[in-house]
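# Tertiary structure, described
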Amino acid sequence: LKLESFIYGISKCQCVITDSFHGTMFSIIFKKPFISFSNSNRGKARFDSTKEAFNIRNRIIERSGYNGININLLIEPLNINETAFNELKAFSIHYLKHNLNIN
């Protein structure tokens, strides 16, 4: 699957179910309702920091919580902390520019 197709798919869908950190982040970027399954083999720490940063604990499910999934989250609008989003976005852009030596 090409990256462009992956991003386009998320941008045009109504909701997302994923165990991918990048699927989670693009869902947030495009403000798509989502449920993510935290996967200890695929960067659980990133899921944990994301759910704390954006106060979306109910949308990132750990294995022990699989039986208590609120499927209605897929039709409820995604409400994230815009300030936290903008701060993380600015930090990420600065980080990339610094590490790629871009002024």
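Refer to the structure printed above.
The structure displayed is predicted, hence computed values, not measured ones.

Right, let's get into the pattern of salt bridges. Counting across every chain of the model gives six salt bridges. Between lysine 31 and glutamate 82 there is a salt bridge, and its shortest N-O distance comes to 3.5 Å. Linking lysine 31 in the loop between helix 2 (21–29) and strand 2 (34–37) with glutamate 82 in helix 4 (residues 82–99), this pair joins segments that are 51 residues apart in sequence. For aspartate 48, the salt bridge is made with lysine 51, and the minimal N-O distance between the two is 3.7 Å. Placement of the pair is aspartate 48 and lysine 51 together in helix 3 (residues 44–53), with a separation of three residues, close to one helical turn. Taking relative accessible area as the criterion, aspartate 48 reaches 24% and is therefore assigned partly exposed.

The next point concerns the pairing of strand 2. The alternating pattern of strand 2 places Phe34 and Ser36 and Ile35 and Phe37 on opposite faces, both of which are buried. Handedness of the crossover is the feature at issue here: the chain leaves strand 1 (residues 16–18), passes through helix 2, returns alongside strand 2, and the resulting connection is right-handed. Here strand 2 pairs with strand 3 (residues 60–61) via two bridges, running parallel. If you follow phenylalanine 37 over to strand 3, its bridge partner there is isoleucine 61. At this point the chain moves from strand 2, through helix 3, to the parallel strand 3, and the crossover so formed is right-handed.

It is worth spelling out the nonpolar core at this point. One finds Ile28, Phe34, Phe54, Ile56, Leu78 and Ile80 to be the most contacted residues of the largest nonpolar core, which totals 16 residues. Residue assignment for this core shows that the elements contributing at least two residues are helix 2 and helix 4. Tallying contributions element by element places helix 2 first for this core, with four residues. Setting aside its immediate chain neighbours within four residues, isoleucine 80 contacts Ile28, Phe54, Ile56 and Phe85. Within the second largest apolar cluster, five residues are counted, among which are Ile35, Phe37, Ile61 and Leu74.

So, about the side chain of threonine 24. Inspection of the secondary structure puts threonine 24 in helix 2. Setting aside residues no more than four positions away along its own chain, threonine 24 makes contact with Thr18, Phe34, Ser36, Phe47, Thr50 and Ile60.

We now examine the side chain of lysine 32. Its place among the elements puts lysine 32 in the loop between helix 2 and strand 2. Despite its burial, lysine 32 pairs with no opposite charge, the nearest such side chain being glutamate 82 at 14 Å. Beyond its immediate chain neighbours, meaning those up to four positions away, lysine 32 contacts Ile10, Ser11, Lys12, Cys13, Val16, Ser27 and Leu78.

Cut-offs and rules
- Throughout this description, residue numbers start from 1 for each chain and increase along the sequence as written.
- In view of the model being predicted, local features appear only for residues whose pLDDT reaches at least 70, and side-chain atom pairs are presented and counted only at 80 or more, with totals across whole chains, interfaces and linings using the full set of residues.
- Processing note: side-chain calculations cover all non-hydrogen atoms of the structure and skip hydrogens and water entirely.
- Each reported salt bridge corresponds to a side-chain nitrogen of Lys or Arg within 4 Å of a carboxyl oxygen of Asp or Glu.
- Strands are runs of DSSP state E lasting at least two residues, helices are runs of H or I lasting at least four, and both sets are numbered from the N terminus onward.
- Accessible area is worked out with a 1.4 Å probe on protein chains only. A residue is then buried under 20% of its type maximum, exposed over 50%, and partly exposed in between.
- Whether a crossover is right-handed depends on one test, that the path from the first strand over the helix to the second runs clockwise when the strands point away from the viewer.
- Should DSSP find at least two bridges between two strands, the strands are regarded as paired.
- Nonpolar cores are built from buried Ala, Val, Leu, Ile, Met, Phe, Trp, Tyr and Cys residues. Side-chain atoms within 4.5 Å join them into one set.
- In this analysis, two residues are considered to be in contact whenever any of their non-hydrogen atoms come within 4.5 Å of each other.
- Lys and Arg are tallied as positive, Asp and Glu as negative. Neither His nor the chain termini are counted.

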